[in-house]
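# What the coordinates show
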Amino acid sequence: MFYTVTKKIYLFLLMFLLVALQFCLPAAASSDKSSSAPEDTDFGYYDTITYSDYLLQNQNSASVNKDINIDAKNFFKASTDLQVTEYQSVSSVEISENNSVTYSFSTEETGYYNIQLSYFPTEKSNSSIKFELLIDDAVPFKEAKSVSLKRVWRDESEKLYDNQGNQIRRPAKQTPEWLTCKLFDINGYSQEPLCFYFTRGIHTLTINVYQSSLVLSEINLTVPKNLLSYSDIQKEYAVNGYKQSETAGNVVEAEYAAAKSDRSIVISNDRISTETMPYHPYLVRYNTIGGSSWKTVGEWIEWELEAPNDGLYTIEMRWKQALKINDVSSRSLYIDGVTPFEEAKSLSFVYNDSWQSTFIGDGSNPYLFYLTKGKHIVRLEASLGQYSKIISAVSSVLNDLNGIYTDIVMVTGLNPDVDRDYQFDKVIPDVINEIKNVSGELKEIKKELDEFTGGGQSTALMERLYKQLDKMYKEPDTISKALNNFETNITSLGTWINTSREQPLEIDYLKLSNTDASFERGSGNLLKSLKHHAIQFITSFITDYTSIGDMNTKAETKITVWTGNGRDQADILRQLINEDFTPNYNIGVNVQLVNPGALLPAILANIGPDVYVGMTEEKPVDYALRNAVVSLSDFEGIEEVLKCFYPDSLEPFRLDGKLYALPETMSYPVLFYRKDILTKLNIKYDDLLTWNSLLQKVLPELDMNYFDFGLPSNLKMFTSFLYQNGGTLYNDSNTASA
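Residues numbered from 1 in each chain as written. Predicted model: local features only at pLDDT ≥ 70, side-chain atom pairs only at ≥ 80, totals over all residues. Heavy atoms only, no water.

Let's shift gears to helix α10 (residues 567–585). The largest bend in α10 amounts to roughly 45° and is located at I577. Buried within α10 we find A570, L573, R574, L576, I577, N578, E579, F581 and T582. Downstream of α10 by one or two residues, N586 has phi in the positive range, about 55°. (Bend = angle between axes of the 7 residues up to and from the residue. Helix = DSSP H or I, 4+ residues; strand = E, 2+ residues; numbered from the N terminus. Buried < 20%, exposed > 50% of the residue type's maximum accessible area, 1.4 Å probe, protein only.)

Spelled out as structure tokens, the structure:
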């Protein structure tokens, strides 16, 4: 690439910003204080009971009647010196990442409590706050190993457009504020807040933060409360004389949410329906929110709806759930921070590839909500809904199936002799009985799924698995022949769990209404649809699809950036530039999506871009040999920039002491291991830390039990071993191989 002198500084600034935004966080993970979940060096995690089993241990316990308040400043002990501080005039303590704090308190009653925290998510991190919770120095159940607290994000309200007339996605900003939240299961298997059992007396509660930092002001042990059903709420409406409001509220466009829990929840552009507002047939107009970006359990969006009068209202919505085919997505509803009744914890949105205008209800009748005059906050949170118990049961079955498979492999190896009689009924009789039990559990799950979904691929998978288990139980000599197919079915079940946990939903608008009102928007009509598609077809001949567009800016200096990474990556690049680079440096950037093969001819013709993003690691030096790229080593401040990167990651881009590119990504090998298998074989965690202990202790034990250790056989793994043992590829002058 040929550059003018005046553009060198802009090239440097842009490359630094783009790469640092994507690379600094991964690079920071290499520090000693990197974020990671508490490590079970003895693999004791698999000895901890599940939450459902934990509840059964004291299911007949009497209810408690009194809340317990703990001032966060009055801690019993901490892993480091904690300073009392203030955030928004509230006294608190800040527990930094990889540190813990313990509180001592007394209970006058024996029973279950919910735990509620008052916390402040600071702007020091963008990630969710995660911690491990211990009661009396022990993890009470598996789900307490990882508890998550959300942050608050808000999209900026100003509408931005590029020079082609397309709307630019508004940047999301973190807006810290004091929040109060009860602790929930991060997996969503329990719809209720987690319950913790305490006997009468003195106890300790330890919070071990392993991601981000946690600012606490108060901990409350609260009495668990049961929600009333909607039918009971209706009776209260009648007793109080509540009537439906004759006046409806205003339409709230969903893309203008008041707040959201995650930055990853983004506004979207729907060009399919002419009724989705704001509408444009071919230019980008962000007119919905959610979809595939709002599908993880626990993610929420809030809107501010205004009630014109005191009275009963229903909530009108226009939504689409077209991603979970022949399935249901679920949401939990909160109004002003409270779940109004039991049924609101599990609202169902059935698959349909068209937009739906409905009232929030049970599928047949809308729910009515009593609201006072004024503004109210409506929150929808992704949840498993009625799926929660089913997926929890399937997850338990999956663990059992993995255990069965592991026990069989310890007898047969991964590639069993199909002609050999392994006498499974004599060698592993307990496993054969477990096969029968798991088959029975799968049959019960299938019945529930049939009632919930009406059948389909998921129930077919369950049926296929339990039929296979029945045959394995009745004819143990066929197990070796069916082992590979059994493994495939287990994998399919795991995939089903991951897919079922996803809860996508896209929303166009919300509105406070009444049951007699007509819907604000429908699905359009044939004439509008024909006009819409005709305009799209005609404009497809004049639209420049290679240019991503740049912001309308008065900047005197503009540069051109090419990328061959694909449109999704180019859109992200465009967003980073619009949010950070152009506003901060007042430099316009024209991003173009170009085939990588066009770069060399463009350079030869002296019409190449100022910056290219997405080049393979061997190419920059090739261009440097031909004086086609600028050396970054000549820029002022380069040493500060390079602190964001691993030194070795820069080596492929150096030539004769000069640096000609910055790494966009970095890949490295990672060791994955099965804790359940290592627990069964009594393999210690420390034996995984060095190659010597792995070779001498771990591999022999794995081999004796017919397990394998996978290691990539490629050049990168060879060079890893070469350099670890003091070797090198080239001589000291880099002129010949060593």
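So, about a nonpolar patch on the surface. Taken together, L715, F718, Y723, L729 and Y730 make up a surface patch of nonpolar side chains, about 540 Å² in accessible area. Topologically, L715 is positioned in helix α16 (residues 715–724). (Patch = residues over 30% accessible without salt bridge, like charges linked within 9 Å, V, L, I, M, F, W, Y side chains within 5 Å. Areas by Shrake-Rupley, 256 points an atom, 1.4 Å probe, with all protein chains shown as cover. Salt bridge = Lys/Arg side-chain N within 4 Å of Asp/Glu carboxyl O.)

In this structure, P278 follows M277 across a cis peptide bond, with omega equal to -5°. Positive phi, close to 55°, is recorded for D136, a residue that is not glycine. Tracing the chain through its elements places D136 in the loop between β7 (129–135) and β8 (147–149). For D136, a relative accessible area of 37% corresponds to the partly exposed category. Here D137, not a glycine, exhibits a phi torsion of approximately 65°, which is positive. Position of D137 relative to the elements: it lies in the loop between β7 and β8. A residue is classified by how much of its surface remains accessible, and D137, at 54% relative accessible area, is exposed.

Per the counting criterion, the structure on display carries 24 salt bridges. Linking E304 and K375 is a salt bridge whose minimum nitrogen-to-oxygen distance equals 3.6 Å. Taken together, the positions of E304 in strand β21 (residues 300–307) and K375 in strand β27 (residues 374–383) put the pair 71 residues apart, joining distant regions of the chain. We classify K375 as exposed; its relative accessible area is 56%. Taking the shortest distance from any N to any O, the salt bridge between R318 and D508 comes out at 2.9 Å. Of the two residues, R318 sits in strand β22 (residues 311–321) while D508 sits in strand β28 (residues 505–513), which places them 190 residues apart along the sequence. Note on R318: relative accessible area 0%, which makes it buried.

Relative to the helices and strands, N489 resides in helix α8 (residues 479–501). Reaching out from N489, the side chain makes a polar contact with the side chain of R464 at a distance of 3.3 Å. Sequence-distant contacts of N489, that is, excluding residues within four places in its chain, are made with L461, R464, L465 and Q468. (Polar contact = N/O pair within 3.5 Å; in protein donor to acceptor, adjacent residues only side chain to side chain. Contact = heavy atoms within 4.5 Å.)

By size, the foremost hydrophobic cluster in this structure holds 48 residues, and its most contacted members are L401, F486, L493 and W496. Elements represented by at least two residues in this core include exactly α4 (387–412), α6 (429–453), α7 (457–474), α8, α14 (675–680) and α15 (691–704). Broken down by element, the residue count for this core peaks at 12 residues, all from α4. With sequence-adjacent residues up to four places away left out, F486 is seen in contact with L401, I404, Y405, L465, Q468, L469 and M472. Grouped together as the second largest cluster of nonpolar side chains are 42 residues, V101, Y119, C195 and F196 included. (Core = buried A, V, L, I, M, F, W, Y, C linked by side-chain atoms within 4.5 Å.)

Turning our eyes to something else, we now look at the confidence of the model for the protein. Mean pLDDT for the protein: 88, with 92% of residues reaching 70 or above. Segment residues 1–36 is flagged for pLDDT under 50; beyond a separation of four residues in sequence, or across chains, it makes 89 contacts in the model. (pLDDT = per-residue confidence, 0-100.)

All right, on to the pairing of β22 then. Burial analysis of β22 places 11 of its 11 residues in the buried class, the great majority of the element. Here β22 pairs with strand β26 (residues 369–371) via three bridges, running antiparallel. Pairing of G311 across the sheet is with L371, part of β26. Relative to strand β25 (residues 352–359), β22 is paired through five bridges, and the arrangement is antiparallel. Directly across from M317, in β25, lies its bridge partner T358. (Pairing = 2+ DSSP bridges.)

With that settled, the discussion passes to the sheet that holds strand β5 (residues 99–107). Taken in spatial order, the five strands make up an open sheet running β2-β5-β15-β7-β8, and their pairing is antiparallel. This sheet does not close on itself; its edge strands, each paired only once, are β2 (77–78) and β8.

This next bit is on the environment of I542. Within the element layout of this structure, I542 appears in the loop between α9 (526–539) and β29 (558–563). Each C-alpha atom of the pair I542 and F635 lies 41 Å from the other, and the pair is 93 residues apart in sequence.

Once that is clear, we can look at the environment of D686. Within the secondary structure, D686 is located in the loop between α14 and α15. Assessed through its relative accessible area of 52%, D686 is described here as exposed. As for D686 and S348, which are separated by 338 residues in sequence, their C-alpha atoms are 47 Å apart.

A separate point is the pairing of β28. Within β28, nine of the nine residues are buried, leaving the element largely enclosed by the surrounding structure. As paired strands, strand β17 (residues 252–253) and β28 are joined by two bridges and run antiparallel to one another. Residue pairing in the sheet places E253 in a bridge with Y509 of β28. As paired strands, strand β20 (residues 288–291) and β28 are joined by three bridges and run antiparallel to one another. Opposite G291, over in β28, you have L505 as the bridge partner.

The next point concerns the environment of Y706. With respect to the element layout, Y706 can be found in the loop between α15 and α16. The exposure class assigned to Y706 is partly exposed, which follows from its relative accessible area of 40%. C-alpha separation for the pair Y706 and L414, spaced 292 residues apart in sequence, amounts to 6.6 Å. Each residue touching Y706, except ones within four places of it in the same chain, is listed here: V409, M410, V411, T412, G413 and L414.

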